[in-house]
Number of protein chains: 2
Amino acid sequence: MDTILIVGYVASALTTIAFVPQVIRAWKLRETRDLSLAMLVLLGLGVLLWTFYGFWTGSMPIIAANLITFLLVFVLFGLKIRYK
Amino acid sequence: MDTILIVGYVASALTTIAFVPQVIRAWKLRETRDLSLAMLVLLGLGVLLWTFYGFWTGSMPIIAANLITFLLVFVLFGLKIRYK
């Protein structure tokens, strides 16, 4: 596997797992006031479209990364609604 | 331009502009306690790597989207440090 592809995979993994500590923080603090609802909605729609794009182009890494990100953003959205 | 490409561009635009309302919120509230620093760091590194990936593969849309996202996340990082 060449360097460029590895960089792509690492980049993809980082932007996906980035939302894990945010979910943990919102869960622990039971506070989401400083999180922007608009950000969560736009991000959720964006990664959902990326997932469709991945399906259409048959790109498994794009599907996997964006589906996981979508689920994490969806959980954050739920926490945002619950702990205003 | 075919539908798949349009979906890719819309997805890219959404995940980039998503951070604008978050920057506005942090700026207005002068509060970033609920934002995860780990998320900002991982996200910043991730989109920076995506930018390099874009340069290497010569993909202008990847460069543009991720460079803008990087700047927005960088501003959020600064606000997080300033308004703990």
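As a reminder, the structure under discussion sits directly above these lines.
This report concerns the structure included in the present document.

## Re the environment of I24 of chain B
- Here I24 of chain B shows up in helix α2 (residues 19-29).
- For the pair I24 of chain B and L37 of chain B, spaced 13 residues apart in sequence, the C-alpha separation works out to 17 Å.

## Re the relation of the copies chain A and chain B
- The operation relating chain A to chain B is a screw motion whose rotation component is 180 degrees, with 0.0 Å of axial translation and a residual RMSD of 0.0 Å. Each copy turns onto its partner about a two-fold axis. It is D34 of chain A whose C-alpha, among those of chain A, lies nearest the rotation axis, at 2.7 Å.
- In this assembly the copies share their binding face: 100% of the residues contributing to the interface of chain A also contribute to that of chain B.

## A look at the pattern of salt bridges
- As enumerated under the stated definition, the model contains 4 salt bridges over all chains in all.
- Measuring nitrogen to oxygen at the nearest pair gives 4.0 Å for the salt bridge that ties R33 of chain B to E31 of chain A. Taken together, the positions of R33 of chain B in the loop between α2 and α3 (37-57) and E31 of chain A in the loop between α2 (19-29) and α3 (37-57) put the pair across two chains.
- Classification of R33 of chain B by relative accessible area gives partly exposed; the value is 34%.
- Overall, the relative accessible area of 28% leaves E31 of chain A in the partly exposed class.
- With a shortest N-O distance of 3.6 Å, R33 of chain A and D34 of chain A are connected by a salt bridge.
- Judged by its relative accessible area of 2%, D34 of chain A falls in the buried class.
- If you follow the salt bridges from partner to partner, you end up with E31 of chain A together with R33 and D34 of chain B in one network.

Conventions adopted
Residues numbered from 1 in each chain as written. Chains lettered and ligands numbered in written order. Predicted model: local features only at pLDDT ≥ 70, side-chain atom pairs only at ≥ 80, totals over all residues. Heavy atoms only, no water. Helix = DSSP H or I, 4+ residues; strand = E, 2+ residues; numbered from the N terminus. Least-squares fit on C-alpha atoms with pLDDT ≥ 70 in both. Contact = heavy atoms within 4.5 Å. Salt bridge = Lys/Arg side-chain N within 4 Å of Asp/Glu carboxyl O. Buried < 20%, exposed > 50% of the residue type's maximum accessible area, 1.4 Å probe, protein only.

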